[in-house]
Amino acid sequence: MDMTELKEELLRNMAGQGMSQQQYDSSMAIRKRGKNKSAAQNCRRKKQKEIETLGSQVKLKKVEIQDNFDRHEELKRERDEWALNLERLCTFILRQKNHDPNTHEVHVEDETVSVKRKKEQSMPPLLNIHELHSPPDIQYFQHLAILSRYNQTISDYIL
């Protein structure tokens, strides 16, 4: 018997069998609690099903993310391999044309391949003594001067 039928049955009992108002109210309160319990169970069941569905979707997305990550790593390896092949090819071309790969580079524009001299690396900008704040800064620049290919002292860089 569902809750609607129960209400009708209670009304018939109240009228036909002399059920008091208090008994009717008590029965209606029990009926209400029963309906609420049923609704709460349905809500929990629906929520549990939604959680399971979302859990499945999360698992699928994790697999998809891992697949994308693996594909990305594979593409990076492939890119690096192509870059290495290009470097080897350029070195081969330069040597075939009797050019030093350290001083020359291959340029490709449209379908034209040419060999050009590499641009010289410029010297670092001059430093202003007021930019140096502490002895570690000075030591750092002295260390750079020692390591630089120009092999000049720090005093040559400071204005």
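Keep in mind that this is a model prediction, so the values were computed, not measured.

Okay, the confidence of the model for the chain next. Low-pLDDT stretches of the model should not have their predicted coordinates read in fine detail. Put simply, the chain has an average pLDDT of 80, and 73% of its residues get 70 or more. Between the elements of the chain, mean pLDDT differs from a low of 61, seen in helix H3 (residues 135–147), to a high of 92, seen in helix H2 (residues 21–96). Taken together, the stretch residues 149–159 has pLDDT below 50 and engages in 29 contacts with residues farther than four places along the chain or on a different chain.

So, about a nonpolar patch on the surface. Together, Leu86, Leu89 and Phe92 give the surface a local cluster of nonpolar side chains, amounting to about 310 Å² of exposed area. In this fold, Leu89 is placed in helix H2.

It is worth spelling out the pattern of salt bridges at this point. According to the stated counting rule, one finds four salt bridges in the structure shown. Of the charged contacts in the structure, one is a salt bridge between Lys61 and Glu64, with a shortest N-O distance of 3.4 Å. Of this pair, Lys61 and Glu64 both sit in helix H2, three residues apart, which is roughly one turn of the helix. When the shortest N-O distance is used, the salt bridge between Arg79 and Asp80 registers 3.1 Å. Looking at Asp80, the relative accessible area reads 42%, which means it is partly exposed.

Calculation notes
- Residues numbered from 1 in each chain as written.
- Predicted model: local features only at pLDDT ≥ 70, side-chain atom pairs only at ≥ 80, totals over all residues.
- Heavy atoms only, no water.
- pLDDT = per-residue confidence, 0-100.
- Helix = DSSP H or I, 4+ residues; strand = E, 2+ residues; numbered from the N terminus.
- Contact = heavy atoms within 4.5 Å.
- Patch = residues over 30% accessible without salt bridge, like charges linked within 9 Å, V, L, I, M, F, W, Y side chains within 5 Å.
- Areas by Shrake-Rupley, 256 points an atom, 1.4 Å probe, with all protein chains shown as cover.
- Salt bridge = Lys/Arg side-chain N within 4 Å of Asp/Glu carboxyl O.
- Buried < 20%, exposed > 50% of the residue type's maximum accessible area, 1.4 Å probe, protein only.

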